[in-house]
Amino acid sequence: MIAHVHDNINYLKTKKGLMSWLVTVDHKRIGMMYLASILLFFITGGTFAFLFRLELWSPLKDFLTPDQYNQFFTLHGVIMVFLVVVPGIPAALGNFFVPIQIGAKDLAFPKLNLTSLYLYWIGAGIALWSIVAGHADQGWTMYAPYSLSQNPAVLWMMVAAFILGFSSILTGLNFIVTMHTMRAPGMTWYRMPLFLWAMYATGIMQIFATPVLAITLLLLLMENFFGIGIFDPALGGDPLLMQHFFWFYSHPAVYIIVVPGFGITSEIIAAFAKKDIFGYRFVAYSSVAIAIIGFVVWGHHMFVAGQSELADTIFSFLTFFTAIPSAIKVFNWTATLYKGSIDLKTPMLYALQFLWNFTIGGLTGIILAILSVDIHLHDTYFIVSHFHYVAMGSTMIAFIGGIHYWWPKMTGKMYNETVGKLASITVFIGFNVTFFVQLIMGSLGSPRRYYHYWDQFQIYHQISTVGVVILAVGLFTALINLIVSLWKGATAPANPWGAKTLEWQTDSPPPLYNFTETPIVTHGPYAFETEKA
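Computed from a prediction, not measured in an experiment: that's the story for all the values here.

Engineer: What exactly am I supposed to notice about the packing of helix 12 (residues 346-369) against helix 14 (residues 381-411) here?
Structural biologist: Describing two packed helices takes the angle between their axes plus the distance from one axis to the other. Where helix 12 contacts helix 14, the two axes come as close as 8 Å, and the packing angle between them is 160°. Of the possible angle classes, the one that applies to helix 12 and helix 14 is roughly antiparallel. Helix 12 and helix 14 meet at a crossing whose hand is left-handed. Across the contact of helix 12 with helix 14, the residue classes break down as 15 nonpolar, 12 polar and no charged.

And the structure:
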């Protein structure tokens, strides 16, 4: 595929010292710093979830007060959404692999890339400061007018989200410009790996949707500081307008969260089934289609908010369309597995988990598009479960699978495969024990976010809490396995999985400028069938 020349100086060894990392413009180092930061916040946000889930073991108080319970689920939501799942895959794995997969030395704007990392850190710092400064308990949606009557902690939270939005926009812009201008000779659009198509679609959504959130938060801050009536009915504002603005961003944000996971899943399935992705172009186009459709379905979050019946009907109808590109992907991944030479390594186990979890997350989304059913299930644990099957069960599982897939390339070390598989299976069991029971509980009418709940739901809460414990054991086992590999892992070869995309044609870890010679691409990213022929 390319003229390959070895170079012993990899990006980890080119310069040493903390400052060499803090001022670097190397996309790989920036990606690694994002990865470390995001994993830290994942543990932080997960700890809040673990604690308030333990509180729900019984219907009465165990160890958290009602106010603390509200604060914990608020912090869990804000940290997980704005610091983990939205930036996660693009900022960490996208930063590292977008330039390498197109055969470039770096992103188009390396300094802008470093700027976006610092904006992420500043936004994260302010969000964490809000924990110290006060007691934000309004939920991650920050709906007005409730969020307008809170303490200064809410204002800090809004400022943090505002800054984090700019970080997201800069990352998306950098990816799109890079893919348009810096592809290696022979790297046509249809020779790009599907991970890149997913990053491209995500970049479109980041650029066009995130400014709406920034404007909304800016209006909220203006209303707070200057008393201008925008969303607060007491000042002549309209709270429904806040919901329209918020969901115009936040529904595409769901796809900003999950579309990168589609890309990782495509890479893993192709590599471990040793087959070309079935219907490559359909999978690529479906990522772009999801990005476009995602902008016109925000109203399905507001079926009970007081929209007109005509608006509800239109948004319900449009929502069903989102199932088409998603179903294309699931069908094509399944068809790729058919008669494939499947190797059940750790990354592949996570990819199969993704298929299972995303199918449940997608199907429950279709159920919620039905107007009459949505009214019954609105604000119940069914919603909590549906969202977590998409955000955690799909995106985070794909993220973890991607980390295992690319870990040898990023670090030059192999992890313990047996421990990796055991951790993956434990995560699968723990996640589904936690959240599948919430589908049942929600369909029976159990409302979400309640500190006290009816006794008949206790058994469901207890099963869910046991699932969280299992899930935590699996996640920490996977994390420890990866960390231990840095010291005790075997040296990784350039291409341990026998994959075909460009990142596997250079050394592990890659040299500073990724390739010692500019690669020349002569075929598609998954040329397994070509080789057999």
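Engineer: Whenever I open this one, the pattern of salt bridges confuses me. Can you help?
Structural biologist: A side chain of one charge can pair with a side chain of the opposite charge when the charged atoms of the two come close. Tallied over the entire structure, the rule returns three salt bridges. Close ionic contact of Lys345 with Asp343 constitutes a salt bridge, the shortest N to O distance being 3.1 Å. Lys345 sits in the partly exposed class, given a relative accessible area of 26%. Salt-bridge contacts for Arg448 lead to Asp379; the nearest nitrogen and oxygen are separated by 2.6 Å. Pair noted here: Arg448 is in the loop between helix 15 (417-443) and helix 16 (458-488) and Asp379 is in the loop between helix 13 (371-377) and helix 14, with a separation of 69 residues, a long-range link. In this structure Arg448 comes out as partly exposed when scored by relative accessible area, which is 23%.

Engineer: Can you walk me through unusual backbone geometry in this structure?
Structural biologist: Glycine aside, residues mostly have negative phi angles, and peptide bonds mostly take the trans form. Cis geometry is adopted by the peptide bond preceding Pro509, which originates at Ser508 and carries an omega value of -10°. Note that Pro509 resides in the loop between helix 16 and helix 17 (528-532). Although it is not a glycine, Lys274 adopts a positive phi angle of roughly 50°. One can find Lys274 in the loop between helix 8 (239-273) and helix 9 (280-293). Its relative accessible area of 25% is what places Lys274 among the partly exposed residues. For Lys339, which is not glycine, the phi torsion reads 60° and is therefore positive.

Engineer: Any chance you could explain the packing of helix 2 (residues 27-55) against helix 16 here in plain terms?
Structural biologist: Their axes nearest at 10 Å, the elements helix 2 and helix 16 cross at an angle of 155°. When the axis of helix 2 is compared with that of helix 16, the two are roughly antiparallel. For helix 2 against helix 16, the interelement crossing comes out left-handed. Where helix 2 approaches helix 16, its residues Leu39, Phe42, Ile43, Phe50, Arg53 and Leu54 are matched on the opposing element by His461, Ser464, Thr465, Val468, Val469, Ala472, Leu475, Phe476 and Leu479.

Engineer: Help me understand a nonpolar patch on the surface, please; the structure alone is not making it clear to me.
Structural biologist: Among the surface-exposed residues, Leu218, Met222, Phe225, Phe226 and Ile228 lie close enough to one another that they form a single nonpolar patch of about 510 Å² accessible area. Checked against the element boundaries, Met222 lands in helix 7 (residues 194-226).

Engineer: Could you clarify how one ought to interpret the environment of Asp455 in this entry?
Structural biologist: Tracing the sequence through the fold places Asp455 in the loop between helix 15 and helix 16. A residue is classified by how much of its surface remains accessible, and Asp455, at 59% relative accessible area, is exposed. Spatially, the C-alpha atoms of Asp455 and Leu60 are 9.5 Å apart, while their sequence positions differ by 395 residues.

Engineer: How should I be thinking about the environment of His180 in this particular structure?
Structural biologist: Topologically, His180 is positioned in helix 6 (residues 152-181). We classify His180 as partly exposed; its relative accessible area is 44%. Each C-alpha atom of the pair His180 and Tyr200 lies 9.8 Å from the other, and the pair is 20 residues apart in sequence.

Engineer: Can you help me understand the nonpolar core in this one?
Structural biologist: For soluble globular proteins, nonpolar side chains are generally found buried alongside one another. In terms of nonpolar packing, the biggest core is built from 162 residues, with Val84, Leu93 and Met410 touching the most fellow members. Per element, the largest residue contribution to this core is 19 residues, and it comes from helix 8. Once residues within four sequence positions are removed from consideration, Met410 is found in contact with Tyr11, Leu12, Met32, Leu35, Leu93, Phe96, Phe97, Ile403 and Pro509.

Engineer: Would you explain the side chain of Asp374 in this entry?
Structural biologist: With respect to the secondary-structure elements, Asp374 resides in helix 13. Those residues in contact with Asp374, other than ones at most four positions away along the chain, are Phe303 and Leu368.

Engineer: Sorry, what's going on with helix 3 (residues 66-85) here?
Structural biologist: Each turn of an α-helix holds 3.6 residues, which means side chains three or four residues apart point in the same direction. The end-to-end C-alpha distance of helix 3 is 27 Å, a good match for the 28 Å that 20 residues give at a rise of 1.5 Å each. Considering bend angle alone, the principal kink of helix 3 is centred on Ile79 and spans about 25°. Most of helix 3 is tucked away, with 16 of its 20 residues classed as buried.

Engineer: Sorry, what's going on with helix 14 here?
Structural biologist: Along helix 14, the helix axis deviates most sharply at Tyr405, where the bend reaches about 45°; the proline Pro408 sits within four residues downstream. Helix 14 sits mainly inside the fold: 30 of its 31 residues count as buried. Two residues or fewer past helix 14, Gly412 is found with a positive phi of approximately 80°.

Engineer: Got a minute to help me understand the packing of aromatic side chains in this structure?
Structural biologist: All chains considered together, the criterion is met by 39 aromatic pairs. Taking the centre distance of 5.0 Å and the plane angle of 80° together, the rings of Phe262 and Phe358 count as edge-to-face. Of this pair, Phe262 sits in helix 8 while Phe358 is found in helix 12, placing the two residues 96 residues apart along the sequence. Judged by relative accessible area, which is 1%, Phe262 ranks as buried. Judged by centre distance (5.0 Å) and plane angle (65°), the rings of Trp298 and Phe315 are edge-to-face. Of the two residues, Trp298 is situated in the loop between helix 9 and helix 10 (309-321) and Phe315 in helix 10; the sequence distance between them amounts to 17 residues. Residue Phe315 is classed as buried on the basis of its relative accessible area, which comes to 11%. By the ring-pair criterion, three or more aromatic residues cluster together here, those being Tyr11, Phe96, Phe97, Phe195, Phe272, Tyr405, Trp406, Trp497 and Trp504. Taking NZ or CZ as reference, Lys105 lies 5.8 Å from the ring centre of Tyr513, over its face. The side chain of Arg281 reaches across the aromatic face of Tyr190, ending 3.7 Å from its centre.

The rules we used
- Residues numbered from 1 in each chain as written.
- Predicted model: local features only at pLDDT ≥ 70, side-chain atom pairs only at ≥ 80, totals over all residues.
- Heavy atoms only, no water.
- Axes fitted to C-alpha atoms, helices over the stretch in contact; angles between N-to-C directions.
- Helix = DSSP H or I, 4+ residues; strand = E, 2+ residues; numbered from the N terminus.
- Parallel < 35°, antiparallel > 145°, perpendicular 65-115°, else oblique.
- Left-handed = near helix turned anticlockwise from the far one by under 90°.
- Nonpolar A, V, L, I, M, F, W, Y, C, P; charged D, E, K, R; others polar.
- Salt bridge = Lys/Arg side-chain N within 4 Å of Asp/Glu carboxyl O.
- Buried < 20%, exposed > 50% of the residue type's maximum accessible area, 1.4 Å probe, protein only.
- Contact = heavy atoms within 4.5 Å.
- Patch = residues over 30% accessible without salt bridge, like charges linked within 9 Å, V, L, I, M, F, W, Y side chains within 5 Å.
- Areas by Shrake-Rupley, 256 points an atom, 1.4 Å probe, with all protein chains shown as cover.
- Core = buried A, V, L, I, M, F, W, Y, C linked by side-chain atoms within 4.5 Å.
- Expected span 1.5 Å × (residues − 1).
- Bend = angle between axes of the 7 residues up to and from the residue.
- Phe/Tyr/Trp six-rings, centres within 6.5 Å; stacked < 30°, edge-to-face > 60°.
- Lys NZ or Arg CZ within 6 Å of the ring centre and 35° of its normal.

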